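# Fold and contact review
Here are the chains, one letter per residue:
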Amino acid sequence: MSRITRSRINPGNPLEAADLNSRYADFTQTDLDDTNVADHAVDAAQLSSSAILVNSIQTQLGTGGITHAAPLLVARTTSGPATPVPLDATGLGASLGSGWAINTDEVLRVYANLQVRGVITASTSPHGILDGSVTVDTKSAGTTPVCIGAHVWLVQLQWDITSTSRANFVNVPNQGNFQSTWSTSGRYGEPLSNLAGTAAFPAFWSGGINWLNGTTNGLTDTEERGTGWRNIALTFHFAPGSTTTVYGLRLVMHGIYHPRNDGTNNGLVLDVGSTPGISAQYQSSNILALHMKED
Amino acid sequence: MKRWTQHQPRASQLLDSGQFNSEQLAHRASIQTLDRTQLPTSAITSAQLKSSALHKVWLFADREEQTKFVATNVPIDQWRCATFINYSGGYVTAFEKTLTGHKGGMTYIEWSGLAFCNGFAPMKNGKLTTYELMEKHLRLRIVASGLLIGEFQLLLAGTESFCVFASVNLPPGDHIISLQFDGTGQADDEPIKDVSTNNRIMQYHLANTVLLAVARFR
């Protein structure tokens with residue numbers, strides 16, 4: 001840092017050439033450094049475009065259409081484990097070019113949105129067949145089983161950290177692949193703590209009609225219907241422990257899963273009940289990835 | 001831009017100590033606080049930036065699960081979560097994180113995760129042929145150091161992922177960020193337990209939550 005420390009000229013001081021020259025020389029600063037720069041002096045204008053954001057992409061997956069005229073379908077798996085279905089025609093997902101090297105002081109943020117709906121077409125009601133059936137009081141009619149409607153389809157983010165060919169997509173860290181049985185359930189599943197980069201949407205809507213003031217009358221009909229089109233948001237954030245190069249991102253869908261607890265922990269397990277007519281549809285999707293400096 | 005600001009020497013001018021002192025005093029302060037217009041192009045690069053000079057990212061990717069109001073008397077095919085035996089509605093704080101080392105500035109705050117709300121939806125027959133859905137919601141809101149900055153009503157029926165976010169200009173200092181939820185209380189004609197097992201029916205749950213905050217310092 002450079003600064004001027006010479007004292008002022010006081011009354012009575014002789015005015016001499018040497019002193020005057022020294023004072024003029026003070027203004028010829030030769031060792032200015034960044035400590036001399038005032039607060040706020042340095043900002044985005046002085047920096048390269050990668051000072052905060054290193055890389056970014058936005059890519060369309062899915063069908064690209066927004067009219068729902070020709071949605072694509074994902075079939076339900078009833079004997080596990082479920083096979084993840086890539087949500088793009090080639091299965092190659094989004095390319096990150098020659099690869100993004102995510103360093104330890106950087107963060108990868110991935111956001112995906114997807115238009116989906118759960119479909120149920122069979123006349124067979126799933127309550128009593130699928131998980132999540134409870135018996136409720138119908139007063140005049142006694143009791144009846146109903147489905148609590150907690151079934152979900154899962155959309156998971158996968159990445160390729162092997163090569164630019166994007167032929168080796170795997171699950172992201174802290175994300176289970178639902179290919180093994182979970183805990184004591186005996187079902188293919190994962191604990192809720194193992195769902196990084198995983199989004200869920202309801203498989204169907206479950207309701208009861210004519211619940212007329214349940215103290216005097218009760219449920220006369222149960223209904224399970226598709227959920228209608230909706231947009232779901234998937235997020236994934238990754239701060240690596242060591243440099244990780246990511247070459248591609250893609251989305252996969254599989255289901256249906258239901259809540260379960262093993263007496264201690266909560267999880268999602270594959271429901272293998274035999275109710276037919278349950279599937280999922282999807283339409284357009286966008287995936288946005290940001291590679292940025294952590295600080 | 002710093003310039004010779006006090007006096008412009010002129011030809012044949014007598015030298016005056018006061019003139020020189022004023023200029024020197026002006027520079028003693030200003031030479032230490034150069035502004036950006038005095039810097040040559042590319043004089044400062046990102047390589048010279050100290051950590052957190054311009055921005056900072058806080059990432060709490062612990063995928064935290066709600067632990068408040070967790071009932072244990074639920075069937076095996078439901079989650080241990082908030083039921084109407086232990087939670088009857090109202091805003092409560094589900095998660096809290098602290099943003100340490102905040103230098104002040106605009107801050108983007110984002111919570112994402114998995115939520116469950118009332119899978120079974122009874123409908124009243126209040127209008128005979130027009131069924132009236134028993135309206136229930138799970139609301140989420142983000143509170144930054146006591147300041148409500150975003151409130152969201154999720155269109156939930158069952159299990160669904162969420163991503164809610166808001167931005168706020170925060171002063172320097174550590175900040176506590178809270179994610180609060182509010183589930184609609186039980187209706188007077190809503191089934192809340194399995195009558196055959198006496199187990200409660202799951203109502204609300206939050207899991208797999210991640211907090212991301214990005215601050216752009218002033």
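About the criteria used
Residues numbered from 1 in each chain as written. Chains lettered and ligands numbered in written order. Predicted model: local features only at pLDDT ≥ 70, side-chain atom pairs only at ≥ 80, totals over all residues. Helix = DSSP H or I, 4+ residues; strand = E, 2+ residues; numbered from the N terminus. Buried ≥ 20, exposed ≤ 12 C-beta atoms within 10 Å, placed from the backbone. Contact = placed C-beta atoms within 7 Å. Pairing = 2+ DSSP bridges. pLDDT = per-residue confidence, 0-100. Core = buried A, V, L, I, M, F, W, Y, C linked by C-beta atoms within 7 Å. Axes fitted to C-alpha atoms, helices over the stretch in contact; angles between N-to-C directions.

## Notes on the overall build of chain A
When you go through chain A residue by residue, the secondary structure sums to 1 helix and 17 strands. Going through the 295 residues of chain A one by one, you find that 43% of them count as buried.

## Describing the overall build of chain B
Scanning chain B from terminus to terminus reveals 1 helix and 10 strands. Ordered by position in the sequence, the α and β elements of chain B form the string α-β-β-β-β-β-β-β-β-β-β. Counting over 218 residues, chain B shows a buried share of 38%. When contacts within chain B are restricted to residue pairs at least 6 apart in sequence, long-range pairs at least 24 apart make up 74% of them.

## A closer look at the pairing of strand β17 (residues 278–293) of chain A
Residues and elements named next belong to chain A. Pairing of strand β1 (residues 53–62) with β17, which is carried by 9 bridges, proceeds in the antiparallel orientation. Its bridge partner lying in β17, Ser-56 is registered against Leu-290. Bridge count for strand β2 (residues 72–75) against β17 is 4 bridges, and the pairing is antiparallel. By the bridge assignment for β17, Ala-75 is matched with Ser-279. One ladder, built from 14 bridges, connects strand β5 (residues 106–120) with β17; its direction is antiparallel. Pairing of Leu-114 across the sheet is with Ser-285, part of β17.

## Observations regarding the confidence of the model for chain B
Of the residues in chain B, 79% reach a pLDDT of 70 or more, and the chain-wide mean stands at 84. The complex model carries a pTM of 0.84, and its ipTM stands at 0.85.

## Thoughts on the nonpolar core
Counting residues in hydrophobic clusters, the biggest one holds 107 residues, and the most contacted among them are A:Val152, A:Trp153, A:Leu157, A:Leu251, A:Met253 and B:Ala213. Among the elements that make up this core, the one with the highest residue count is strand β10 (residues 204–217) of chain B (9 residues). Not counting the four nearest positions on each side in its chain, A:Trp153 is found in contact with A:Gly118, A:Ala200, A:Phe201, A:Ala203, A:Met253, A:Gly255, A:Ile256 and A:Ala280.

## Observations regarding the environment of A:Arg6
Residues and elements named next belong to chain A. Relative to the assigned elements, Arg-6 resides in the segment before α1 (17–26). When the 12 C-beta atoms within 10 Å are taken as the criterion, Arg-6 is described as exposed. Taking C-alpha positions, Arg-6 is 83 Å from Ala-75, a pair spaced 69 residues apart along the chain.

## What to know about unusual backbone geometry
In this model, A:Gly80 is joined to A:Pro81 through a cis peptide bond whose omega is -5°. Within the secondary structure, A:Pro81 sits in the loop between β2 and β3 (85–86). Omega for the peptide link from A:Gly255 to A:Ile256 comes to 5°, which places this bond in the cis form. With respect to the helices, strands and loops of the structure, A:Ile256 is situated in strand β15 (residues 244–261). Positive phi outside glycine occurs at B:Asn198, with the angle close to 65°. With respect to the helices and strands, B:Asn198 occurs in the loop between β9 (175–183) and β10.

## What to know about the sheet that holds strand β6 (residues 138–144) of chain B
All names here are of chain B. Taken together, 4 strands build an open sheet; the order of strands is β2-β9-β6-β7 and the sheet is antiparallel. At either end of the open sheet lies a strand with only one pairing partner, and these are β2 (92–99) and β7 (147–154). Averaged over neighbouring strand pairs, the angle between their axes works out to 15° when direction is ignored. For β6 and β7, the ladder comprises 7 bridges, and the chain directions are antiparallel. Looking across to β7, one finds that Arg-139 is bridged to Gln-153.

## A look at the sheet that holds strand β1 (residues 55–64) of chain B
Sheet strands pair via backbone hydrogen bonds, and the direction of the pair is either parallel or antiparallel. All names here are of chain B. Judged by pairing direction, the sheet is antiparallel, and its 4 strands sit side by side in the order β1-β10-β3-β8 without closing on themselves. What marks the edges here is a single partner per strand, and that holds for β1 and β8 (158–170). When strand polarity is set aside, the average angle formed by the axes of neighbouring strands in this sheet is 10°. As paired strands, β1 and β10 are joined by 7 bridges and run antiparallel to one another. The residue bridging Val-57 from the neighbouring strand is Val-214, located in β10.

## Let's talk about the environment of A:Pro202
Tracing the chain through its elements places A:Pro202 in strand β11 (residues 198–202). The class for A:Pro202 is buried, based on 27 C-beta atoms found within 10 Å. Once the C-alpha coordinates of A:Pro202 and A:Gly226 are considered, the two residues, 24 residues apart in sequence, prove to be 8.8 Å apart. Apart from the residues within four sequence positions on either side, A:Pro202 is in contact with A:Gly118, A:Gly149, A:His151, A:Val152, A:Thr227, B:Ala157, B:Gly158, B:Thr159 and B:Glu160.

## Some remarks on the environment of B:Arg63
Along the chain, B:Arg63 falls in strand β1. Considered as a pair, B:Arg63 and B:Phe84 are 21 residues apart in the sequence and their alpha carbons are 25 Å apart. For B:Arg63, the contacting residues outside a window of four places in its chain are A:Asn174, A:Ser193, A:Leu195, A:Ala196, B:Asn208, B:Thr209 and B:Val210.

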